[in-house]
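# Remarks on the overall topology
Okay, here's what each chain looks like letter by letter:
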Amino acid sequence: MTITRRSVLAGAAAAPLLPHAARAANNVSIRIGRRLRAVPPDYMGLGFEASSVATPGLLSGDNHTYVQLVRTLGAQGVIRVGGNVSDFSAYDASGTSKNLPKDTVLTRENLRQLRSFLDATGWKLIWGLNLGTGKLDNMVEEARAVTDAVGDRLIAFEVGNEPDLFSRAGHRQGPYDYVAWHTEFRRFKAAIREVLPRAAFAGPDIATGALDWMQSFAKDEAGDLALLTAHHYITGQANPAATIDFMLAEEKKYQPALSKFQAISQDARVPWRMCETASFSGGGRAGVSDTFAAALWALDYLFVLSSYGCSGVNMETGVNHLGVISKYTPITDDLAGHHAAGPEYYGLLAFAEGDKGEQLSLALDAGGLNLTAYAARSGATVTLTVINKDMNRDASVSISGVSAKQAQVMRLSAPSLTATMGITLGGASVEANGKWSGGKSEPVKLSGGKAMLELPAGSAALVTLTA
């Protein structure tokens, strides 16, 4: 559940890519400019329902493939545990764990395994506490158990998942506004601080674009917040408009909210994080959320959020609030202990490879294509990520602004936008053990101080320009 983008875009499915020889190529120019910002080293993140922690052996240091899949995305990152399930969960230290959507039980052993997973990956944790049932004593016990288990890998607690939807979710009767939630938040925070004086908090974890909630929370909790947090999905999976072309279109309706999040964060001097997000809420749509098109969407979306000052993004992963594996999950799960890189994973991987160092400004003339580009500098090397989301038109890209002596390109590609297999970055797929070889690059032509790149429709490229 989150902010949704409504549209009446026609078409239930994307058209297949045309043969290369039959497609028109448009001229695109990109000029690389000045330094903009440094991206936090833990920008990358994955989000899990609380039921994932209650699944024995899943988020465990002994789950070597899963650990490697996470480590392949980066040496630093953030795991967020919460979701709708967190408001239907309970902590029972010595009990029997259960991972049912509305009856999850977390135990001391579950938390021990989670700590081993965090140690093995090197990632940190945001933990969502159960405000839904309103059991203060159990929440305090859970907060203490999580703190004892994960120690300094804990960034902050969230109190309640999507509280702006509590009435709709059945957690509260009648109207439930920010004042009602914040009153409860203060009471629960005070109780936790009695036993954990140094506990850090994040929020308001909003779903519906309730900007007044974030603004009020930032003001009311000024000086005592680790993070401001929000959720976002493009639209619901049941919306007929939930198609590939809709997913890949520029999401203009959400940009004002992103601008407001950035302004609130800057005014409060508290970083903001998109701590739960994916393509289509409700588990995603088959044939859209689980295709190569989702990799291009995710790659672009991670850069877009960063451009609005977002300090990190947690992509929803694995079992959802309905108890099934979401179509959008970056890491696939057959519920029999086998895990692998899904299509969306490759977008995250490409971002991790392309967004190294400080982000740079660009002057982009996309030539009428649905094409985006982003640049980052690390030392003498600039990496330019170009994403051609156009379904039928290739791009002839001219790149300037960098005096490069050498240029190479690593391509993110697949047989088609609707492909669920055969996806590669640098010609290499993620291996069964979760490792990626690093892929291969090919030379890029340099002429007259410019780099010249041919980029087929429905693909992306990471161009490295070395001075």
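Just above sits the structure.
Now for a description of the structure that goes with this document.

Conventions used here
Residues numbered from 1 in each chain as written. Predicted model: local features only at pLDDT ≥ 70, side-chain atom pairs only at ≥ 80, totals over all residues. Heavy atoms only, no water. Salt bridge = Lys/Arg side-chain N within 4 Å of Asp/Glu carboxyl O. Helix = DSSP H or I, 4+ residues; strand = E, 2+ residues; numbered from the N terminus. Buried < 20%, exposed > 50% of the residue type's maximum accessible area, 1.4 Å probe, protein only. Phe/Tyr/Trp six-rings, centres within 6.5 Å; stacked < 30°, edge-to-face > 60°. Pairing = 2+ DSSP bridges. Axes fitted to C-alpha atoms, helices over the stretch in contact; angles between N-to-C directions. Contact = heavy atoms within 4.5 Å.

### Concerning the pattern of salt bridges
All told, the structure shown has 17 salt bridges when counted by the stated rule. Across the pair Lys189 and Asp224 runs a salt bridge whose closest N-O atoms are separated by 2.8 Å. Residue Lys189 is located in helix 6 (residues 178-195), and its partner Asp224 is located in the loop between helix 7 (211-220) and strand 10 (227-236); the two are separated by 35 residues in the primary sequence. Classification of Lys189 by relative accessible area gives buried; the value is 9%. Looking at Asp224, the relative accessible area reads 26%, which means it is partly exposed.

### Re the packing of aromatic side chains
The final tally for this structure, using the stated rule, is 19 aromatic pairs. The interplanar angle of 80° and the centroid separation of 5.8 Å between the aromatic rings of Phe185 and Phe201 together place this pair among those described as edge-to-face. Of this pair, Phe185 sits in helix 6 while Phe201 sits in strand 9 (residues 201-206), and the two are 16 residues apart along the sequence. Across the pair, exposure class does not vary: Phe185 and Phe201 are buried alike. Among the aromatic residues, ring-to-ring pairing joins Phe157, Tyr178, Trp181, Phe185, Phe201, Trp213 and Phe217 into one connected group.

### Observations concerning the sheet that holds strand 10
In space, the eight strands of this closed barrel follow the order 2-3-7-8-9-10-11-12, with parallel pairing throughout. Sheet twist, expressed as the average angle between the axes of neighbouring strands with direction ignored, equals 25°. Bridge analysis of strand 3 (residues 78-82) against strand 7 (residues 124-129) gives four bridges, and the strand direction is parallel. Across the sheet, Val78 pairs through a bridge with Lys124, a residue of strand 7. Strand contacts of helix 6: strand 7, strand 8 (154-159) and strand 9, with the helix running at about 155° to strand 9, the strand carrying the most contacts. In this fold helix 11 (residues 343-354) packs onto strand 2 (44-49) and strand 12 (313-316), with an angle of close to 150° to the strand it touches most, strand 2.

### Some remarks on the pairing of strand 18 (residues 394-400)
The element strand 18 is extensively covered by neighbouring structure, given that seven of its seven residues are classed as buried. A two-sided burial pattern is seen for strand 18, the buried positions comprising Asp394, Ser396, Ser398 and Ser400 on one face and Ala395, Val397 and Ile399 on the other. Note that strand 1 (residues 25-38) and strand 18 share seven bridges and pair parallel. Following the sheet pairing, Ser29 is matched in strand 18 by Ser398. Direction of pairing for strand 18 relative to strand 23 (residues 450-455): antiparallel, over a ladder of five bridges. Paired with Ser398 across the bridge in strand 23 is Met452.

By themselves these figures say nothing about function.
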